[in-house]
Amino acid sequence: MAALLLRLPNYYNRNFSISASSSSSSSSNGAASGGPSQQGGAGPVILEIPLNQIRRPLMRTRANDPHKVKDLMDSISQIGLQVPIDVLEVDGVYYGFSGCHRFEAHQRLGFPTIRCKVRRGTKETLRHHLR
Ligand code: ADP
(Lines give C-alpha, C1' and ligand atoms only; values in the text may rest on other atoms or scores of the structure.)
Protein backbone atom coordinates (compact mmCIF):
# COMPACT_ATOMS: atom_id res chain seq x y z
CA MET A 1 0.00 0.00 0.00
CA ALA A 2 1.25 3.47 -0.72
CA ALA A 3 0.14 6.81 0.57
CA LEU A 4 -1.09 9.12 -2.17
CA LEU A 5 -1.43 12.82 -1.51
CA LEU A 6 -3.94 14.51 -3.76
CA ARG A 7 -3.56 18.20 -4.41
CA LEU A 8 -6.95 19.66 -5.13
CA PRO A 9 -7.61 22.53 -7.50
CA ASN A 10 -7.63 25.99 -5.94
CA TYR A 11 -11.38 26.13 -5.67
CA TYR A 12 -11.32 23.47 -2.96
CA ASN A 13 -8.56 25.24 -1.11
CA ARG A 14 -7.45 22.13 0.74
CA ASN A 15 -5.59 18.89 0.31
CA PHE A 16 -6.44 15.45 1.53
CA SER A 17 -4.71 12.14 1.42
CA ILE A 18 -5.97 8.70 0.67
CA SER A 19 -4.46 5.29 0.82
CA ALA A 20 -4.13 3.71 -2.59
CA SER A 21 -3.16 0.27 -3.76
CA SER A 22 0.06 0.07 -5.77
CA SER A 23 -0.90 -3.25 -7.31
CA SER A 24 -2.19 -4.16 -10.73
CA SER A 25 -4.92 -1.60 -11.38
CA SER A 26 -4.85 -0.34 -14.94
CA SER A 27 -6.17 3.16 -15.15
CA SER A 28 -5.40 4.92 -18.40
CA ASN A 29 -3.26 7.99 -17.78
CA GLY A 30 -2.17 7.79 -14.23
CA ALA A 31 -3.55 10.89 -12.50
CA ALA A 32 -5.87 8.83 -10.33
CA SER A 33 -4.16 5.52 -10.84
CA GLY A 34 -4.32 2.71 -8.36
CA GLY A 35 -7.98 3.19 -7.55
CA PRO A 36 -9.50 3.86 -4.17
CA SER A 37 -8.65 1.75 -1.18
CA GLN A 38 -11.67 -0.20 -0.05
CA GLN A 39 -10.16 -3.14 1.73
CA GLY A 40 -12.60 -5.81 2.78
CA GLY A 41 -15.40 -4.22 0.79
CA ALA A 42 -15.44 -1.10 2.97
CA GLY A 43 -17.60 1.84 1.98
CA PRO A 44 -17.10 4.44 -0.71
CA VAL A 45 -14.18 6.86 -0.76
CA ILE A 46 -14.08 10.47 -1.92
CA LEU A 47 -11.56 11.07 -4.69
CA GLU A 48 -10.72 13.93 -7.02
CA ILE A 49 -10.68 12.31 -10.47
CA PRO A 50 -9.73 13.82 -13.85
CA LEU A 51 -12.84 14.19 -16.02
CA ASN A 52 -11.12 12.37 -18.85
CA GLN A 53 -10.68 9.28 -16.68
CA ILE A 54 -14.40 8.83 -16.08
CA ARG A 55 -16.20 6.78 -18.71
CA ARG A 56 -19.82 7.75 -19.23
CA PRO A 57 -21.38 4.92 -21.25
CA LEU A 58 -24.91 6.36 -21.20
CA MET A 59 -23.94 9.93 -22.07
CA ARG A 60 -25.33 9.82 -25.59
CA THR A 61 -28.70 8.48 -24.47
CA ARG A 62 -29.47 11.21 -21.94
CA ALA A 63 -29.81 14.93 -22.59
CA ASN A 64 -28.95 17.42 -19.87
CA ASP A 65 -31.14 20.42 -19.07
CA PRO A 66 -28.98 23.39 -20.17
CA HIS A 67 -30.58 25.69 -17.58
CA LYS A 68 -29.68 23.31 -14.78
CA VAL A 69 -26.14 23.09 -16.09
CA LYS A 70 -25.85 26.89 -16.22
CA ASP A 71 -27.22 27.26 -12.67
CA LEU A 72 -24.77 24.62 -11.46
CA MET A 73 -21.87 26.35 -13.20
CA ASP A 74 -22.74 29.59 -11.41
CA SER A 75 -23.15 27.88 -8.07
CA ILE A 76 -20.10 25.63 -8.35
CA SER A 77 -17.88 28.54 -9.32
CA GLN A 78 -19.12 30.47 -6.30
CA ILE A 79 -19.27 27.82 -3.58
CA GLY A 80 -17.67 24.72 -5.13
CA LEU A 81 -19.17 21.29 -5.64
CA GLN A 82 -21.18 20.53 -2.50
CA VAL A 83 -22.15 16.94 -3.32
CA PRO A 84 -19.69 14.66 -5.14
CA ILE A 85 -20.89 12.62 -8.09
CA ASP A 86 -21.23 8.85 -7.74
CA VAL A 87 -18.65 6.81 -9.61
CA LEU A 88 -18.22 3.06 -9.94
CA GLU A 89 -14.70 1.65 -10.14
CA VAL A 90 -14.28 -1.71 -11.85
CA ASP A 91 -10.76 -3.10 -12.32
CA GLY A 92 -9.21 0.37 -12.02
CA VAL A 93 -11.58 1.99 -14.53
CA TYR A 94 -14.05 4.66 -13.41
CA TYR A 95 -17.63 4.71 -14.69
CA GLY A 96 -20.15 7.50 -14.13
CA PHE A 97 -23.86 6.93 -14.68
CA SER A 98 -25.34 9.86 -12.77
CA GLY A 99 -24.30 13.37 -11.78
CA CYS A 100 -24.60 14.29 -15.47
CA HIS A 101 -25.35 17.99 -14.88
CA ARG A 102 -22.53 18.40 -12.37
CA PHE A 103 -20.16 16.61 -14.77
CA GLU A 104 -21.12 18.86 -17.69
CA ALA A 105 -20.88 21.96 -15.47
CA HIS A 106 -17.30 20.99 -14.62
CA GLN A 107 -16.50 20.39 -18.29
CA ARG A 108 -17.89 23.79 -19.29
CA LEU A 109 -16.07 25.52 -16.46
CA GLY A 110 -12.85 23.97 -17.74
CA PHE A 111 -12.12 22.16 -14.48
CA PRO A 112 -9.74 19.25 -15.02
CA THR A 113 -11.07 17.14 -12.17
CA ILE A 114 -14.30 16.45 -10.29
CA ARG A 115 -14.91 15.28 -6.76
CA CYS A 116 -16.34 11.75 -6.77
CA LYS A 117 -17.78 9.29 -4.32
CA VAL A 118 -16.21 6.09 -5.57
CA ARG A 119 -17.60 2.63 -4.95
CA ARG A 120 -15.80 -0.45 -6.11
CA GLY A 121 -17.80 -2.95 -8.13
CA THR A 122 -17.45 -6.07 -10.20
CA LYS A 123 -18.03 -6.60 -13.91
CA GLU A 124 -21.43 -7.93 -12.91
CA THR A 125 -22.24 -4.61 -11.17
CA LEU A 126 -21.20 -2.84 -14.34
CA ARG A 127 -23.39 -5.05 -16.51
CA HIS A 128 -26.29 -4.31 -14.18
CA HIS A 129 -25.78 -0.54 -14.68
CA LEU A 130 -25.63 -0.98 -18.45
CA ARG A 131 -28.87 -2.95 -18.69
P1 ADP B 1 -27.04 15.89 -11.65
O2 ADP B 1 -27.37 15.36 -13.02
O3 ADP B 1 -25.64 16.41 -11.56
O4 ADP B 1 -27.36 14.94 -10.52
P5 ADP B 1 -29.28 17.48 -10.71
O6 ADP B 1 -29.79 18.79 -11.21
O7 ADP B 1 -30.21 16.31 -10.74
O8 ADP B 1 -27.95 17.19 -11.50
O9 ADP B 1 -28.81 17.66 -9.23
C10 ADP B 1 -27.83 18.61 -8.92
C11 ADP B 1 -27.11 18.09 -7.71
O12 ADP B 1 -25.94 18.86 -7.54
C13 ADP B 1 -27.91 18.17 -6.42
O14 ADP B 1 -27.83 16.91 -5.77
C15 ADP B 1 -27.15 19.19 -5.60
O16 ADP B 1 -27.18 18.87 -4.24
C17 ADP B 1 -25.74 19.02 -6.16
N18 ADP B 1 -24.79 20.13 -5.98
C19 ADP B 1 -23.50 19.95 -5.69
N20 ADP B 1 -22.85 21.12 -5.65
C21 ADP B 1 -23.77 22.07 -5.89
C22 ADP B 1 -23.69 23.47 -5.97
N23 ADP B 1 -22.56 24.15 -5.78
N24 ADP B 1 -24.81 24.15 -6.25
C25 ADP B 1 -25.95 23.47 -6.47
N26 ADP B 1 -26.10 22.14 -6.39
C27 ADP B 1 -25.01 21.44 -6.11
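Look up a bit, the structure's there.
The sections below set out a description of the structure shown in this document. None of the values given here were measured: they were computed from a predicted structure. (Residues numbered from 1 in each chain as written. Predicted model: local features only at pLDDT ≥ 70, side-chain atom pairs only at ≥ 80, totals over all residues. Heavy atoms only, no water.)

**Brief notes about the site of the ligand**
Looking at the ligand, there are 13 residues lining it, with Ser75, Gly80, Gln82, His101 and Arg102 nearest. Residue Lys68 places a side-chain N or O atom 3.5 Å away from an oxygen atom belonging to the ligand. With respect to the ligand, the side chain of Ser75 contributes an N or O atom lying 2.4 Å from a nitrogen atom. Taking 560 Å² as the accessible area of the ligand by itself, protein coverage stands at 67%. At the level of secondary structure, the elements contributing two or more residues to the shell around the ligand comprise helix H1 (66–79) and helix H2 (100–109). In terms of residue count, the dominant contributor to the shell around the ligand is H1 (5 residues). Broken down by class, the residue content of the shell around the ligand amounts to 6 nonpolar, 5 polar and 2 charged. (Near = heavy atom within 4 Å. Polar contact = N/O pair within 3.5 Å; in protein donor to acceptor, adjacent residues only side chain to side chain. Areas by Shrake-Rupley, 256 points an atom, 1.4 Å probe, with all protein chains shown as cover. Helix = DSSP H or I, 4+ residues; strand = E, 2+ residues; numbered from the N terminus. Nonpolar A, V, L, I, M, F, W, Y, C, P; charged D, E, K, R; others polar.)

**Side note on the nonpolar core**
Counting residues in hydrophobic clusters, the biggest one holds 18 residues, and the most contacted among them are Ile54, Cys116 and Val118. Secondary-structure elements contributing two or more residues to this core are strand E3 (45–50), H1, strand E5 (85–90), H2 and strand E7 (113–120). Aside from chain neighbours lying at most four places away, what touches Ile54 is Ile49, Ile85, Val87, Tyr94, Tyr95, Gly96, Phe103, Ile114 and Cys116. The next biggest cluster of nonpolar side chains, apart from the first, holds 7 residues, and it includes Leu58, Leu88, Tyr95 and Leu126. (Core = buried A, V, L, I, M, F, W, Y, C linked by side-chain atoms within 4.5 Å. Buried < 20%, exposed > 50% of the residue type's maximum accessible area, 1.4 Å probe, protein only. Contact = heavy atoms within 4.5 Å.)

**Regarding the side chain of Glu48**
By the secondary structure assignment, Glu48 is in strand E3. This buried residue, Glu48, is left without a salt bridge; Arg115 holds the nearest opposite charge, at 5.2 Å. (Lys, Arg positive; Asp, Glu negative; His and termini not counted. Salt bridge = Lys/Arg side-chain N within 4 Å of Asp/Glu carboxyl O.)

**Considerations on the environment of Cys100**
Tracing the sequence through the fold places Cys100 in helix H2. For Cys100, a relative accessible area of 22% gives the class partly exposed. Cys100 sits 31 residues away from Val69 along the chain, and the two C-alpha atoms are 9.0 Å apart. Other than its neighbours up to four places away in sequence, Cys100 contacts Arg56 and Asn64.

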